[in-house]
Amino acid sequence: MKVEHLNLTEAFSEFKSEKNINRPTMQKILEEVLNNLLKRKFNIEDDEAIKKSFNIIINVDKGDFEIWHNREVVADDDFEDALSQISLSDAQKIDEDFEIGEDVTDKISIEDFGRREVLSIRQNLISRIMDLEKSNVYDKYKELIGEEVTGEVYQVWKKEILILDDERNELYLPKSEQIPSDFFRKGDTVKGVVARVEMKNGSPLVIISRTSPFFLERLFEREVPEIFDGLITIKKIARIPGEKAKVAVESYDDRIDPVGACVGMKGSRIHGIVRELKNENIDVINYSSNPQIYIQRALSPAKITSINIDEAKKKAEIYMQPDQVSLAIGKGGANIKLAIQLTGYDIEVYRDNVEQEEDVDLEEFNDEIDEWVIQEFQKVGCDTAKSVLRLSKEELLKRTDLEEETIDDVIRILKEEFEN
């Protein structure tokens, strides 16, 4: 039976040292477990009677405990209650000098409860501490929603990744919360923000995200001291994870350029963020309470000719030169999509036709320029001759999939038209 006592003490000591549970809580758990054990042994439900008859001494630091039983010595014929009384003959077995009316305090050995009870108390102790640990993890991460966390990849599955934090708590990074180009192996360090926390089958389920706007915000706070100190505020973030993001910032100090502070000298600050986000393109703009200015900045690098805003419908009609339309829309519509998210306005872009009378539609050149070449220019917002000529050859090469020789021929044909 002594072996079982050791197992119980070792179990207590193990949980005390390995689990993140404070001393008062650990002591309270063991007291409750031992109280329940005493109630079963003496068949009593009265907590006060247990407290009156027993002293439970717990040494949290050593991971050990003692139980002392307090009883009054009574004559053998008067003995009625094993909880509060001890017969004179039994008391004198402890010490022959005991007399009727005296108090006896003797130590109860855990082995006295029997093998089954010892196993029960051990299992109860483990169960209570495990439940408390789960509750602590849930409470901890519930308060960290939206905050950055770091962990190590423990297991990689098709639909999610299992990550362990510094305390070996389990965090999950689903595929839907990963940046499309993310690739992790076991042992890699992963950063993200706590997206949500829930209890599933009695255990905490902590979901982290790398696609959340909060993750980008936390990265800016880490890289830009002015944001961390509150001198610069991030007003809004719009993201297409792994592709492009727009961040609107505002400074409460006129001496601080918020965009310059976020980008850093030669891009030193924003480069670290871009690397963490797998080369996500990040535009940082100055926030403005003036919707016209704010929308214009949100559509950068495109330049606007004029803008009409319907505040009631939260709608903005944007007019710009034809060569600026493709810049406003962006690759796959990313730029205008993010501008809509950032400003909260439904933005519609129109070509400004002020110069249309002096211009010539590209379709008019279909006898000299192949149709597929014209379509390639139209894809990037160049519908007219002048919209093509406004752009440099380098810019045309960058925006289209055309060869340099083809672009040279088109420019020559269009220039000859206007020279004639």
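For the structure given in this document, a descriptive report is provided here. (Residues numbered from 1 in each chain as written. Predicted model: local features only at pLDDT ≥ 70, side-chain atom pairs only at ≥ 80, totals over all residues. Heavy atoms only, no water.)

All right, on to the nonpolar core then. Across soluble globular proteins, you tend to see nonpolar side chains buried next to one another. Formed by 24 residues in total, the largest nonpolar core has its most connected members in Leu216, Phe220, Val247, Val249, Leu277, Ile282 and Val284. When residues of this core are traced back to their parent elements, those giving at least two are α6 (213–223), β10 (232–240), β11 (244–251), α8 (258–263), α9 (268–276) and β12 (281–286). If one sorts the elements of this core by residue count, α6 sits on top with four residues. Other than its neighbours up to four places away in sequence, valine 249 contacts Ile232, Thr233, Ile234, Lys235, Pro258, Val259, Cys262, Val284, Ile285, Asn286 and Tyr287. (Core = buried A, V, L, I, M, F, W, Y, C linked by side-chain atoms within 4.5 Å. Buried < 20%, exposed > 50% of the residue type's maximum accessible area, 1.4 Å probe, protein only. Helix = DSSP H or I, 4+ residues; strand = E, 2+ residues; numbered from the N terminus. Contact = heavy atoms within 4.5 Å.)

Before going further, it helps to examine the environment of valine 149. Here valine 149 shows up in strand β5 (residues 148–156). Along the chain, valine 149 and serine 209 lie 60 residues apart, while their C-alpha atoms are 9.8 Å from each other. Setting aside chain neighbours within four positions, we find valine 149 in contact with Tyr141, Leu171, Val190, Lys191, Gly192, Val194 and Ile208.

Moving on to the packing of aromatic side chains. The tally for this structure, following the rule as stated, stands at two aromatic pairs. Judged by centre distance (4.9 Å) and plane angle (70°), the ring pair of tyrosine 287 and tyrosine 294 falls under edge-to-face. For tyrosine 287, a relative accessible area of 26% gives the class partly exposed. Both rings, one in tyrosine 319 and one in tyrosine 350, keep their centres 5.3 Å apart while their planes meet at 25°; by these two values the pair is stacked. Taken as a pair, tyrosine 319 in strand β14 (residues 315–320) and tyrosine 350 in strand β15 (residues 346–351) lie far apart in primary sequence, 31 residues in all. Assessed through its relative accessible area of 24%, tyrosine 319 is described here as partly exposed. Tyrosine 350 sits in the partly exposed class, given a relative accessible area of 32%. In this arrangement the basic side chain of lysine 186 is found over the ring face of tyrosine 154, its NZ or CZ atom lying 4.9 Å from the centre. Directly above the ring of tyrosine 287 sits lysine 235, whose terminal nitrogen or CZ lies 5.1 Å from the centroid. (Phe/Tyr/Trp six-rings, centres within 6.5 Å; stacked < 30°, edge-to-face > 60°. Lys NZ or Arg CZ within 6 Å of the ring centre and 35° of its normal.)

Another point: the sheet that holds β14. Spatial strand order, β13-β14-β15: three strands in an open sheet with mixed pairing. Only two strands of the sheet have a single partner each, and these edge strands are β13 (306–310) and β15. Sheet twist, expressed as the mean angle between neighbouring strand axes with direction ignored, is 15°. Taken together, the six bridges between β14 and β15 define a ladder with parallel strand orientation. When the sheet's bridge partners are listed, alanine 316 is paired in β15 with isoleucine 347. Its contacts with the sheet place helix α10 (residues 291–298) against β13, β14 and β15, and it is angled at close to 120° to β13. Lying over the sheet, helix α11 (residues 322–329) contacts β14 and β15, oriented at roughly 135° with respect to β14. (Pairing = 2+ DSSP bridges. Axes fitted to C-alpha atoms, helices over the stretch in contact; angles between N-to-C directions.)

The geometry of α11 relative to helix α12 (residues 334–343) is characterised by a closest axis approach of 5 Å and an angle of 65° between their N-to-C directions. Classed by the angle they form, the pair α11 and α12 counts as roughly perpendicular. Of the residues in α12, those touching α11 at Leu327, Ala328 and Ile329 are Ala334, Asn335 and Ile336. Its residues assigned to classes, the contact of α11 with α12 comprises five nonpolar, one polar and no charged. (Parallel < 35°, antiparallel > 145°, perpendicular 65-115°, else oblique. Nonpolar A, V, L, I, M, F, W, Y, C, P; charged D, E, K, R; others polar.)

As a further point, take the pattern of salt bridges. Pairing between side chains of opposite charge can happen when their charged atoms approach one another. Enumeration over the complete set of coordinates arrives at 22 salt bridges. Measuring nitrogen to oxygen at the nearest pair gives 3.1 Å for the salt bridge that ties aspartate 283 to lysine 246. Of this pair, aspartate 283 sits in strand β12 while lysine 246 sits in strand β11, and the two are 37 residues apart along the sequence. Of the residues examined, aspartate 283 reaches a relative accessible area of 17% and is grouped as buried. Here aspartate 323 and arginine 390 are joined by a salt bridge, their closest N and O atoms 3.8 Å apart. Linking aspartate 323 in helix α11 with arginine 390 in the loop between α14 (385–389) and α15 (393–399), this pair joins segments that are 67 residues apart in sequence. Residues participating in the shared-partner salt-bridge network are Lys140, Asp165 and Glu167. (Salt bridge = Lys/Arg side-chain N within 4 Å of Asp/Glu carboxyl O.)

This is a description of form; function is not addressed.
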